[in-house]
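Notes for the structure review
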Amino acid sequence: MDGVTVITNPTVSVRVTSTANSFEALRRFNRAITIAEFKCKLELVVGIQASCMDLQLFSATDTFLQKLDDNEALMGSYPVDDNCRIHVIDKSGSQSGVFEDLSAVEKFELPDEVYDKRSESVRSFLKKNKAGRFNEEKAAQKEELQVQRDAEEKLLAEALSPGLRCEVQVVGQPTRRGTVMYVGNTEFKPGYWVGVKYDEPLGKHDGSVNGKQYFQCQPKYGAFVKPQYVTVGDFPEEDYGLNDEM
């Protein structure tokens, strides 16, 4: 009977872990290299010096097999198969995860006065092209427009006062009737706001926002809207049928 020839793949794919970090890397190595050469290649993978390495071999199911402790032996002389795990232990005593913690890394920060002098920076480009916040003309126009809107909003707000009957027409929402309860500035958003107590529970709150009470009403009867959406006049209460018995 003819002899049986066993052909072994000259390379092997192994999973590499270490005490230096929590990552697992998949790498392919030549079986013909020595363990000493293997450790040198692992330096680039785990960041541990070859002279400080202890190697442990685990099976594909992570069962410990043995140590790879003979630096002169060939890697192929050990039972290293595809998908086995090589665990690298750092004998130098470095803390685990030291290469993952970036909080202790000193970050480089360029002072504003130095950055301003750079000619090829984003800030320099924006300045040259008068774009973004460096477009003074556009910024002035925007500021002027906002001042105009604030003035118009103030005039509308001054025409309103608590106690007046009103109708609220917000774009995309049904028309609602109620009573003006508050007119003025608020802490939750800038500008002028009108607090309204609706005739029916069609609002959002009881007249308070973020813990501050602006006016009193029942829960779900209160709301704040912008002055431009409020029209005052003789608006009697409407029957929405919300209190009908079934």
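To be clear, the structure that these remarks concern was listed above.
Reading the values: rules and limits
- Residues numbered from 1 in each chain as written.
- Predicted model: local features only at pLDDT ≥ 70, side-chain atom pairs only at ≥ 80, totals over all residues.
- Heavy atoms only, no water.
- Helix = DSSP H or I, 4+ residues; strand = E, 2+ residues; numbered from the N terminus.
- Buried < 20%, exposed > 50% of the residue type's maximum accessible area, 1.4 Å probe, protein only.
- Pairing = 2+ DSSP bridges.

A few points about unusual backbone geometry
With phi around 55°, Asn 210 is a residue other than glycine that occupies positive phi space. With respect to the helices and strands, Asn 210 occurs in the loop between strand S9 (208-209) and strand S10 (212-213). You can call Asn 210 exposed: its relative accessible area is 72%. Its identity is not glycine, yet Lys 220 carries a phi of approximately 75°, on the positive side. Looking at where Lys 220 falls in the secondary structure, it is placed in the loop between S10 and strand S11 (222-225).

Describing the pairing of strand S3 (residues 53-58)
Each regular strand carries side chains that alternate between the two faces of the sheet. Taken across its six residues, S3 has five buried, putting it largely inside the fold. Here six bridges tie S3 to strand S5 (residues 84-90), and the two strands are oriented antiparallel to one another. By the bridge assignment for S5, Phe 58 is matched with Arg 85. Here S3 hands over to strand S4 (residues 64-67) after five residues, with Asp 62 in that stretch at a positive phi of 65°.

Any functional reading would require information beyond the geometric quantities listed.
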